[in-house]
Amino acid sequence: MDNMRAGLGLQHIGIIMDGNGRWAKKRGLPRKYGHREGAKTFRRIVEYCDKLGLRYLTVYAFSTENWKRPEDEVNSIMQLLEQYIDEAFERQDENDTVRTRFIGDVSALSETLKEKIARIEQMSQGRTGMTVNVAFNYGGRDELVRAARQLAIQAQQGKLDPQQINEQMLSDHLYTSGQPDPDLIIRPSGEERLSNFLIWQAAYSEFVFMDVLWPDFTPAHLDQALEIFSRRNRRYGQV
Ligand code: FPP
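Residues numbered from 1 in each chain as written. Predicted model: local features only at pLDDT ≥ 70, side-chain atom pairs only at ≥ 80, totals over all residues. Heavy atoms only, no water.

Another point: helix H8 (residues 219–231). Here H8 is 13 residues long and its end C-alpha atoms lie 19 Å apart, about the 18 Å a rise of 1.5 Å per residue gives. Those residues of H8 that fall on the buried side of the exposure criterion are His221, Leu222, Ala225, Leu226 and Phe229. Viewed end-on, H8 has its buried residues packed into an arc of 145°, placing them on one side of the element. Relative to its buried face, H8 has exposed residues pointing more than 90 degrees away, namely Ala220 and Arg231. (Helix = DSSP H or I, 4+ residues; strand = E, 2+ residues; numbered from the N terminus. Expected span 1.5 Å × (residues − 1). Buried < 20%, exposed > 50% of the residue type's maximum accessible area, 1.4 Å probe, protein only. Arc of directions from axis to C-beta.)

Structure, rendered in structure tokens:
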């Protein structure tokens, strides 16, 4: 499948990894088992997207709202993240070209996680393959508030004339600064909402909602989403 190189013009995909809880419930298992399977799917999809030649993949792994879940579930997601990073270190070799970045407020995470996140970002930053943005303790509104605050501080210090603030400047203060906006956002599990994911960046994204739970999501589902995307006619407000 060489869709992307063959002129789909697609550089960035966002995925809301939804449906782990329901996957577990259907099997009579605790929700954390759904997240464990979801983490496996995440690895497979990263590998597949990199193979396809995609430049950016952003996955929604933990939202600013997810802290309200039971402690045991929150802890299990933190553990899965830690495992993912540890494994990324274990298998690092010249063939691994994926760059891992985190978007969101990682300052609220444990010292161990913060340290591992900093290490993996640093270890992979020179890589030239696909960039994976892991949205963790991420919220789109929170991201915009932070950008507004940073611009206000610059204005207050006399470094910026508020009249000069434009869309580009705001974009430059988001976590995704310097990256193209997502062309396509995929949400499995049957829900059809953005749930505070990349709300600024998604202004012109195509949305594909799919009736499959994230742990069951395969590269074939991604192909299917790409196929739907390729049939859409993106006009960016023009005729
Ligand atoms: C949404 O499903 C999923 C999450 C809140 C967590 C996503 C986490 C992972 C896929 C694994 C950990 C991440 C990494 C980076 C290894 P849900 O629990 O809301 O499902 P439901 O809607 O069926 O209840």
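Close to the ligand lie 18 residues; Met17, Gly21, Arg22, Arg31 and Arg69 are nearest. Within the contact set of the ligand, an oxygen atom lies 3.3 Å away from a backbone nitrogen or oxygen of Gly19. The separation between an oxygen atom of the ligand and a polar side-chain atom of Arg31 is 2.8 Å. Here the ligand, which alone exposes 620 Å², has 92% of that area covered by the protein. (Near = heavy atom within 4 Å. Polar contact = N/O pair within 3.5 Å; in protein donor to acceptor, adjacent residues only side chain to side chain. Areas by Shrake-Rupley, 256 points an atom, 1.4 Å probe, with all protein chains shown as cover.)

On to the nonpolar core, then. Ranked by internal contacts, the top residues of the largest apolar core, which has 43 residues, are Ile13, Ile15, Phe42, Leu57, Phe136, Ile186 and Leu222. Within the residue set of this core, elements represented by two or more residues are strand S1 (12–16), helix H3 (31–52), strand S2 (56–63), helix H4 (71–90), helix H5 (111–124), strand S4 (131–138), strand S5 (184–187) and H8. If you tally residues by element for this core, the top one is H4, at 8 residues. Among residues more than four places away in sequence, those in contact with Leu222 are Ile15, Ile45, Tyr48, Cys49, Leu52, Ile186 and Phe217. Ranked by size, the runner-up nonpolar core spans 10 residues in total, among them Ile16, Tyr138, Tyr175 and Ile185. (Core = buried A, V, L, I, M, F, W, Y, C linked by side-chain atoms within 4.5 Å. Contact = heavy atoms within 4.5 Å.)

Turning to the sheet that holds S4, a few remarks are in order. Spatial strand order, S3-S4-S2-S1-S5-S6: 6 strands in an open sheet with parallel pairing. Both outer strands of the open sheet, strand S3 (99–103) and strand S6 (206–209), are each paired with one neighbouring strand and no more. On average, adjacent strands in this sheet sit at an angle of 20° to one another, irrespective of strand direction. Along the sheet, H8 contacts S1, S5 and S6; its crossing angle with S5, the most-contacted strand, is approximately 135°. (Pairing = 2+ DSSP bridges. Axes fitted to C-alpha atoms, helices over the stretch in contact; angles between N-to-C directions.)

Another point: the pattern of salt bridges. Per the stated rule, a full pass over the model turns up 16 salt bridges. For Glu37, the salt bridge is made with Lys40, and the minimal N-O distance between the two is 3.0 Å. With Glu37 and Lys40 both in helix H3 and 3 residues apart, this pair spans about one turn of that helix. Classification of Lys40 by relative accessible area gives partly exposed; the value is 37%. (Salt bridge = Lys/Arg side-chain N within 4 Å of Asp/Glu carboxyl O.)

Okay, the side chain of Thr100 next. With respect to the element layout, Thr100 can be found in strand S3. On the basis of relative accessible area, Thr100 is assigned to the buried category, the value being 6%. Excluding anything up to four places from it in sequence, Thr100 contacts Ile120, Glu121, Ser124, Val132 and Val134.

In this approach, a probe sized like a water molecule rolls over the atoms, and the result shows the empty space that is left. Here the largest pocket is characterised by a volume of approximately 670 Å³. In this structure, the largest pocket is lined by 33 residues; those nearest its centre are Met17, Tyr60, Ala61, Phe62 and Asn66. Secondary-structure elements contributing two or more residues to the lining of the largest pocket are helix H2 (20–26), H3, S2, H4 and S4. With 6 residues, H3 is the single largest residue contributor to the lining of the largest pocket. Looking at the lining of the largest pocket residue by residue, the classes come out as 15 nonpolar, 9 polar and 9 charged. Within this model, the second largest pocket holds a volume of roughly 330 Å³. Along its surface, the second largest pocket is lined by 16 residues, and Val46, Glu47, Arg91, Asp96 and Val98 are the ones closest to its centre. (1 Å grid on protein atoms, 1.4 Å probe; cavity = no way out; pocket = protein on both sides within 12 Å on 5 of 7 lines; lining within 4 Å. Points joined across faces, edges and corners; volume = space filled by probe spheres on them. Nonpolar A, V, L, I, M, F, W, Y, C, P; charged D, E, K, R; others polar.)

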